[in-house]
Amino acid sequence: PATLTYDTLRFEYEDFPETKEPVWILGRKYSVFTEKEEILLDVTSRLWFTYRKNFPAIGGTGPTSDTGWGCMLRCGQMIFAQALVCRHLGRDWRWIKGKRQTDNYFSVLNAFIDKKDSYYSIHQIAQMGVGEGKSIGQWYGPNTVAQVLKKLATFDTWSSLAVHIAMDNTVVMEEIRRLCQSNFSCAGAAACPAVEADVLYNGYPEEAGVRDKLSLWKPLVLLIPLRLGLTEINEAYIETLKHCFMMPQSLGVIGGKPNSAHYFIGYVGEELIYLDPHTTQPAVEPSDSGCLPDESFHCQHPPCRMSIAELDPSIAVVRSCCLFSTQLRNSRSLLTGTWLR
């Protein structure tokens with residue numbers, strides 16, 4: 001099914017409402033009255049992946065644009081990019097227009113560029129989806145993109161992430177323990193980047209012994225596909241859904257409206273805050289000097305908002321965890337009905 005696209009130059013974005021309600025963005029709390037610039041900078045610093053056109057044909061002879069079918073794939077890219085940002089740059093990292101960024105930043109960005117050899121490119125996701133029963137150019141749901149990203153992450157030895165998908169509303173602790181401790185060895189600088197402050201702790205202060213524990217534990221990306229109602233979201237889940245965005249380990253939520261996916265990064269009042277992939281931009285190529293123009297990968301206008309009541313009940317909640325302890329046990333509070341075994 002096709003989805004509606006629009007031109008950002010003709011679309012008027014609403015600013016944040018003047019409200020005393022706090023604004024929550026991926027575990028960070030802000031005030032609209034005193035921290036509006038900080039809110040917008042936090043949003044702008046998230047990697048924003050949209051429809052693109054004129055990229056190399058998928059599979060050599062397939063589509064050269066994902067307009068109309070790739071929105072959930074782009075949302076999957078955004079939520080995984082946030083995992084890589086936390087892994088390599090830290091939650092406090094900020095993107096500032098015109099400021100030179102680190103090599104790690106461009107390594108993260110290059111993992112999502114629209115070419116066949118990027119770890120999480122639209123090419124890789126679309127082709128890996130064939131194994132999940134999806135033909136190239138077919139629309140994905142949250143569970144399908146989660147399954148595909150889990151498979152692709154195994155090739156990303158630089159990030160060395162463990163990815164677990166909690167099926168049937170159940171988080172099985174022993175499965176995660178085996179996953180995060182299996183076959184993990186620092187086989188070189190590429191596999192185990194240097195441990196720096198704020199890079200591997202996902203918003204948590206460094207504690208005594210944490211480096212030793214990290215050497216034995218792969219950072220975890222936990223995806224929980226959920227259905228929060230039949231045709232519309234059940235009101236009983238709204239407050240716990242909000243709580244997901246208050247967790248320091250939150251990577252966000254992917255979902256949206258029927259056949260129109262969004263990447264949800266927070267909320268204010270009764271509205272969800274999201275990045276929208278439904279803008280078609282030209283594919284980006286490195287410049288003659290080898291630099292990658294990156295401005296189109298950051299949303300430089302106020303983010304979109306929608307009423308929580310309008311959310312399609314089929315979503316995937318995603319969070320990170322670097323140590324096996326209370327961080328993972330707190331997953332019990334992700335949403336009512338998700339169990340730990």
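What counts, and where the lines are drawn
- Residues numbered from 1 in each chain as written.
- Predicted model: local features only at pLDDT ≥ 70, side-chain atom pairs only at ≥ 80, totals over all residues.
- Heavy atoms only, no water.
- Helix = DSSP H or I, 4+ residues; strand = E, 2+ residues; numbered from the N terminus.
- Buried < 20%, exposed > 50% of the residue type's maximum accessible area, 1.4 Å probe, protein only.
- Contact = heavy atoms within 4.5 Å.
- Areas by Shrake-Rupley, 256 points an atom, 1.4 Å probe, with all protein chains shown as cover.
- Expected span 1.5 Å × (residues − 1).
- Phe/Tyr/Trp six-rings, centres within 6.5 Å; stacked < 30°, edge-to-face > 60°.
- Core = buried A, V, L, I, M, F, W, Y, C linked by side-chain atoms within 4.5 Å.
- Lys, Arg positive; Asp, Glu negative; His and termini not counted.
- Salt bridge = Lys/Arg side-chain N within 4 Å of Asp/Glu carboxyl O.
- Polar contact = N/O pair within 3.5 Å; in protein donor to acceptor, adjacent residues only side chain to side chain.

Caption draft 1: Up close: the overall build of the protein chain. A tally of regular secondary structure across the protein chain gives nine helices and 13 strands. Counting only residues that meet the buried cut, the protein chain has 54% of its 341 residues in that class. When contacts within the protein chain are restricted to residue pairs at least 6 apart in sequence, long-range pairs at least 24 apart make up 72% of them. Total accessible area computed for the protein chain in this model is approximately 15100 Å², and 51% of it derives from carbon and sulfur atoms.

Caption draft 2: Inspection of the environment of L179 at higher detail. Here L179 lies in helix 6 (residues 173–181). Linking L179 and L161, residues 18 residues apart in sequence, is a C-alpha distance of 9.8 Å. Those residues in contact with L179 that sit more than four places away from it in its chain are A162, V163, H164, K218 and L220.

Caption draft 3: Inspection of helix 5 (residues 142–153) at higher detail. For helix 5, built from twelve residues, the straight-helix expectation of 16 Å at 1.5 Å per residue is met to within 8% by its first-to-last C-alpha distance of 17 Å. Of the surrounding elements, those touching the buried residues of helix 5 are helix 2 (71–88), helix 4 (122–128), strand 4 (162–165), strand 6 (220–227), strand 7 (250–257) and strand 12 (314–321).

Caption draft 4: The packing of aromatic side chains, seen in detail. Under the defined criterion, the tally for this structure stands at eight aromatic pairs. When the ring of F112 is compared with that of Y120, the centres are 5.2 Å apart and the planes differ by 25 degrees; the resulting orientation is stacked. Accessibility assignment for this pair places F112 and Y120 in one class, buried. A network of ring pairs unites the aromatic residues F49, F80, F112, Y119, Y120 and F297 as a single cluster.

Caption draft 5: Layout of the nonpolar core. Ranked by internal contacts, the top residues of the largest apolar core, which has 68 residues, are V23, L47, F80, F112, Y120, V221 and Y263. With twelve residues, helix 2 is the single largest residue contributor to this core. Once you skip the residues sitting within four places of it in the chain, Y263 turns out to touch L26, C75, M78, I79, Q82, L251, G252, V253, I254, I273, Y274 and L275. Membership of the second largest hydrophobic core comes to 29 residues, among which are V171, L220, L272 and I315.

Caption draft 6: Region of interest: the side chain of D276. Tracing the sequence through the fold places D276 in the loop between strand 9 (271–275) and strand 10 (281–282). The buried charged residue D276 lacks any salt bridge, with K257 as its nearest oppositely charged partner at 8.5 Å. Within the local environment of D276, its side chain forms a polar contact with the side chain of H278, the two groups lying 2.5 Å apart.

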